[in-house]
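Coordinates in review
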Amino acid sequence: MVMGSPGLSNRNNGQQRLGITEPISLGGPSEEDVIKSRELEKYLHDAGLYESQEEAVSREEVLGRLDQIVKIWVKTISRAKGLNDELVHQANAKIFTFGSYRLGVHGPGADIDTLCVGPRHATREEDFFGELYRMLSEMSEVTELHPVPDAHVPIMQFKFNGVSIDLLYAKLSLYIIPEDLDVSQDAILHSADEQTVRSLNGCRVTDQILRLVPSIQNFRTTLRCMRLWAKRRGVYSNVAGFLGGINWALLVARICQLYPNALPNMLVSRFFRVYTQWRWPNPVMLCAIEEGSLGLPVWDPRKNPRDRYHLMPIITPAYPCMNSSYNVSSSTLRIMLEEFQRGNEICECLQAMEANKADWDTLFESYAFFEAYKNYLQIDISAANADGFRKWKGWVESRLRQLTLKIERKTYEMLQCHPHPGGFPDKSRPFHSSYFMGLQRKQGVPVKEGEHFDLSKAVDDFKLAVYQYTLREIGMEIRVSHVKRREIPNFVFPGGVRPSRPSKVSWVRKRRSELEVSGSTQQDRSGEDRTVSDGADSGRKRKLENDNVETDHAKSMRPCVGEVCEASPPFSNVSPSSAKYENNVEVSTGKIESPAQIPDQNGQAEVWSRCNPLNVAGDASSSKEAEKLALEKIMAGPYVSHQALPEELDELEGDSEDRHQVKDFSGNMKDSRIEPSIEKSNNGAETSTGSYNGGLEELEPAELMAPSLNGTPEPVAQRKPIIRLNFTSLPNAS
């Protein structure tokens, strides 16, 4: 057992440092850093991330009223259970907050994560989901009351005077709950059931994070920034296999520990620099992992088979320490690594700019998901009524990650999925929503002509698992179909209007215009190339050729994005593909050409036009090398990466699915109604998903350069191979 505070260590000079290692840098901010941090904070204010004073007061009033309600509730049930007057008078319950509200990074309209802590005689099933539910349902201030007693973490969701509340319950072994209760003490977990341990974990982790960062204010500003960035770039969703709020908070907190005297603008830059170089699955930890004295399981891949296939471990700092990012898959990890690299390149440019000219818009530009791929899976769900749709929607969303995993495994990870983190309601169809996954062939591997992917088995297995929902009612349906980019329905776009795709010529002109406006010192010289880094993890380089060469080469009408060079990644054992917009390219020897409008949509054009990394006036090379060495030391921990065998993964996933089965409110399992998967094609004819009769859909490979043994790319045949997706059970969506 680790004694004392595992996140605090004493230096020789008597000062405390935060974290399990020495900081990478103790350097303080320059005057330029102060100016850029002010500009960044102003950007966040202008983006509407801060609530008004009136809303803040309203939230505090709601929390105060909720605390009064649970105190009345616990006295009511104490009296009903026959306790004497003195014990009834002493009976107490208390409300705690956690999540974004407790961290101080919530925005306008955000829900409040709350925890009700009650005494040992106040049960979860009978009293919390029984009597307290009844009390809340009779209050006029409470609307949209929805209990979920059989969730992995049982929860009651409702709105109180318009403020969204997520309320958990923890039953302690104490007879009386003191008003000054400290939930961060490990002794509070004594004799607690699993649901209580999970419910307490949110508060304990949140409080520990705030204790383990050197500056709470700098941490909050940086976290607000990263949350906004992740949402704009489509990588903010734990349930979709990306990262959720607690994951981003832990990643930011670790950067704050490594750069304790840096201001937010520098912390954002170092966030991307560090995690671009991080060698996953080395875990990110704010403090040492405690074994504890209560015998609760903690994350340790050396002992626990389940922990061995976690791809991006981000460990919670409170006992029992757990991996908060177990949902990450190989596809979502690849996508996040690409986004980290993009953020790193942009921040390098921003650091080189003058303080008053730094433009944060490029970093926060929204990712053009529906321009990034040629092929998509569309998952449509529907229900018969509002209550059924809410339940069905929540269940399907919790299962969508399994579709990604099944496709990865059935295709041996040769087909990569990019799930969109949210659904899209179709206003013309009540109780209906659509989800999308971008598809592309794995890049950087040789292509076999005529090779195809049959997704019918993966889709059928997924639908079968979804239909196991024990609360499924008539009208709850799911449909999976294949759509191409041009067939994406209009309701997914803002205002229901499909944006016009800029022409390739206009993109070139825009890039040249931006270059002139930026006042770049880099002069275009005929015959010279501009080299831009395309990822430390993949080791690839892109080369933007001279604008004059592009425009003169009218026969292609495409800006050449460069020659692909394969090299060993210096700091990552994961090799992400090149940027996501290269998934639909045509192949020619030594060059790849990509639709020009896509890099413009994804913000890369602005990066290239405003900055030449060869001339970036950032940190000195020696300083970066020192940071790399420091990172290597940090990642040289005792938790050696373990790889679970595919058989293990299948077995463990099945256990996970069984664990998350949902029961009805009475606790009895309902018979699930499994129907044969019948889909309607565009012409209205019914086709059985079991027949496997259908056409083949083309998917052009994004990159066909195979790495050779010596690290030099070998040319492939100029003839364009055809890669086909066999969507035999997936009709085209109309």
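Further up the page is the structure itself.
Just so it is clear, the model here is predicted, and its values are computed rather than measured. (Residues numbered from 1 in each chain as written. Predicted model: local features only at pLDDT ≥ 70, side-chain atom pairs only at ≥ 80, totals over all residues. Heavy atoms only, no water.)

Quick word on the environment of Arg-102
Inspection of the secondary structure assignment puts Arg-102 in helix H4 (residues 99-103). Note: C-alpha distance between Arg-102 and Leu-210 (108 residues apart in sequence) is 9.3 Å. Excluding anything up to four places from it in sequence, Arg-102 contacts Thr-97, Thr-206, Asp-207, Leu-210 and Arg-220. (Helix = DSSP H or I, 4+ residues; strand = E, 2+ residues; numbered from the N terminus. Contact = heavy atoms within 4.5 Å.)

What to know about the packing of helix H9 (residues 264-277) against helix H10 (residues 330-352)
Between H9 and H10, whose axes approach to 8 Å, the crossing angle comes to 135°. When the interaxial angle is binned, H9 and H10 end up oblique. Remark: the crossing between H9 and H10 carries left-handed chirality. On the side of H9, the interface is formed by Asn-265, Met-266, Val-268, Ser-269, Phe-271, Phe-272, Arg-273, Tyr-275 and Thr-276, while H10 contributes Leu-337, Glu-339, Phe-340, Gln-341, Gly-343, Asn-344, Cys-347, Glu-348 and Gln-351. Classifying every residue of the contact of H9 with H10 gives eight nonpolar, seven polar and three charged. (Axes fitted to C-alpha atoms, helices over the stretch in contact; angles between N-to-C directions. Parallel < 35°, antiparallel > 145°, perpendicular 65-115°, else oblique. Left-handed = near helix turned anticlockwise from the far one by under 90°. Nonpolar A, V, L, I, M, F, W, Y, C, P; charged D, E, K, R; others polar.)

Considerations on the pattern of salt bridges
Within the structure shown, the criterion is met by 31 salt bridges. Salt-bridge contacts for Arg-124 lead to Asp-193; the nearest nitrogen and oxygen are separated by 3.4 Å. With Arg-124 in helix H5 (residues 124-137) and Asp-193 in the loop between strand E7 (163-171) and helix H6 (194-211), this residue pair connects regions lying 69 residues apart in the sequence. Classification of Arg-124 by relative accessible area gives buried; the value is 5%. On the basis of relative accessible area, Asp-193 is assigned to the partly exposed category, the value being 27%. (Salt bridge = Lys/Arg side-chain N within 4 Å of Asp/Glu carboxyl O. Buried < 20%, exposed > 50% of the residue type's maximum accessible area, 1.4 Å probe, protein only.)

Let's talk about the sheet that holds strand E3 (residues 94-98)
Strand pairs in the sheet, formed through backbone hydrogen bonds, run parallel or antiparallel to each other. If you trace the five strands from one edge of the open sheet to the other, you get E3-E4-E7-E6-E5, paired in mixed fashion. Single-partner strands in this sheet number two, and they are E3 and strand E5 (142-148). Going from strand to strand, the sheet's axes swing by 25° on average, the running direction of each strand aside. Taken together, the five bridges between strand E6 (residues 155-160) and E7 define a ladder with antiparallel strand orientation. Along E7, the bridge assignment pairs Gln-157 with Asp-166. Against the sheet, helix H2 (residues 53-80) engages E3, strand E4 (112-118), E6 and E7, with an angle of about 140° to E3. (Pairing = 2+ DSSP bridges.)

Quick word on the nonpolar core
Of all hydrophobic cores here, the largest spans 65 residues; its most connected members are Phe-219, Trp-229, Trp-248, Phe-271, Tyr-275 and Trp-280. Mapped by element, the contributors of at least two residues to this core are helix H1 (31-46), H6, helix H7 (216-232), helix H8 (245-258), H9, H10 and helix H17 (621-635). Ranked by residues supplied to this core, first place goes to H8 with nine residues. Excluding anything up to four places from it in sequence, Trp-248 contacts Leu-223, Trp-229, Ala-230, Val-235, Tyr-236, Leu-243, Phe-271 and Phe-340. Core analysis: the next-biggest nonpolar cluster, separate from the first, contains 30 residues, Trp-73, Ala-93, Ile-165 and Leu-167 among them. (Core = buried A, V, L, I, M, F, W, Y, C linked by side-chain atoms within 4.5 Å.)

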